[in-house]
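Chain by chain, the residues:
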Amino acid sequence: MKVISLNGSSKLHLKKTCAAIGIFDGVHRGHRYLINQMLTTARRLKAQPIVITFFPHPAHVLRPDVRLGYLTSLEDRFRLFKELGVALCIVVPFNRSFASIPPRGFIEDILVKKLGVKAVFVGDDFRFGKDRGGDIALFQKLAPELGYEMHAVAALKQGRDAISSTRIRQLVGTGQLNEAARLLGRPVSTSGTVIKGAGRGKGLGFPTANIAYESDILPPQGVYVVQVLWGGQKYLGLANIGTRPSFETQVAKLHLEVFILDFSRNIYGKRLEVQFLKKIRNEKKFKSSEELVGQIRKDEARARQFKAK
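Quick look at the structure, then.

## Here we look at the pairing of strand β5 (residues 117-123)
The buried fraction of β5 is high, at five of seven residues. Where strand β2 (residues 17-21) and β5 come together, four bridges link them in parallel fashion. Bridge assignment links C18 to a residue of β5, and that residue is A119. The parallel pair β5 and strand β6 (residues 149-153), bridged by helix α6 (residues 136-146), forms a crossover whose chirality is right-handed.

## A short note on the sheet that holds β2
Taken together, the six strands give an open sheet; going across it, the order is β1-β4-β3-β2-β5-β6, and neighbouring strands pair in parallel fashion. Two strands lie at the open edges of the sheet, namely β1 (2-5) and β6, each paired on one side alone. Averaged over all pairs of adjacent strands, the angle between strand axes in this sheet comes to 20°, irrespective of strand direction. With five bridges joining them, β5 and β6 adopt parallel strand pairing. Residue pairing in the sheet places A119 in a bridge with E149 of β6. On the sheet, helix α3 (residues 74-84) packs against β1, β3 (48-55) and β4 (88-93) and is oriented at approximately 165° with respect to β3. Across the sheet, α6 is in contact with β5 and β6; its angle to β6 comes to roughly 160°.

## What about the packing of helix α7 (residues 165-173) against helix α8 (residues 177-184)?
Helix-helix packing is described using two parameters, namely the angle between the two axes and the distance between the axes. Look at α7 against α8: their axes get within 8 Å of each other, and the N-to-C directions meet at 155°. Overall, the two elements α7 and α8 adopt an arrangement that is roughly antiparallel. Along this stretch, α7 crosses α8, giving a crossing that reads as left-handed. In contact with R167, I168, L171 and V172 of α7, α8 contributes E179, A180, L183 and L184. Of the residues in the contact of α7 with α8, the class split is six nonpolar, no polar and two charged.

What counts and what doesn't
- Residues numbered from 1 in each chain as written.
- Predicted model: local features only at pLDDT ≥ 70, side-chain atom pairs only at ≥ 80, totals over all residues.
- Heavy atoms only, no water.
- Buried < 20%, exposed > 50% of the residue type's maximum accessible area, 1.4 Å probe, protein only.
- Helix = DSSP H or I, 4+ residues; strand = E, 2+ residues; numbered from the N terminus.
- Pairing = 2+ DSSP bridges.
- Right-handed = clockwise from strand over helix to strand, strands pointing away.
- Axes fitted to C-alpha atoms, helices over the stretch in contact; angles between N-to-C directions.
- Contact = heavy atoms within 4.5 Å.
- Parallel < 35°, antiparallel > 145°, perpendicular 65-115°, else oblique.
- Left-handed = near helix turned anticlockwise from the far one by under 90°.
- Nonpolar A, V, L, I, M, F, W, Y, C, P; charged D, E, K, R; others polar.

Spelled out as structure tokens, the structure:
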């Protein structure tokens, strides 16, 4: 998939595109429903399908006091778009200058003139432009004049409530992994690069991969059965999220380390995905290395039983 950053100096002049517009953090089932509708219409119109996303999150710029974490990194967002069949993603660097563009200017100058949009797909609560003054009604009003189709897509629901990134953040943060996975349409996960650690796990006979994870939202502290995706393969593993209380050097930021079962490859510097399948216990402090090793063996046995089910 090709990714293009749309900034003030961009000289893009695309022709006949069909666009899905949104932040799409998490690329959950509701997002995929909207994007798939866009792809269907693009085939009907014989137009180029594109996804337009924003980074950073508008809330980080307009309301910096709000601590809003990402479910997925921007790179994972791209990967998930590609898996859906999207060939071109336009990233809009969101800043106060962009936020000050009049709503009509966003539609006419950017979407129609610069990106050649012939069909627009957005969520039915989408707001845009200066003071968030643009809405679905404006999109619909300008559609005949500017020559595009307007598709406002109602939020997909799970039960009585809409599937939303906000709802999924709450579920992940409180450890409700199964419900979060149902809304995402895939396991809760994070991606990151394997970095060097202190080597304590290897010294205990359980070499772990220390992950510089990219998403801001992790499940609560504890030990999890996980599935690790790397090199086109899936591996069973154990992950610890926490502060490593059994060691003197603890960390301020939550630490993520993974013990991949039946695996001996050197993956320093490699990027992998960790999918959280089930929490098996809380993080705890052990009195000795022997006690810790004994617990890890029990955790490994539970992980293998999980795979056998």
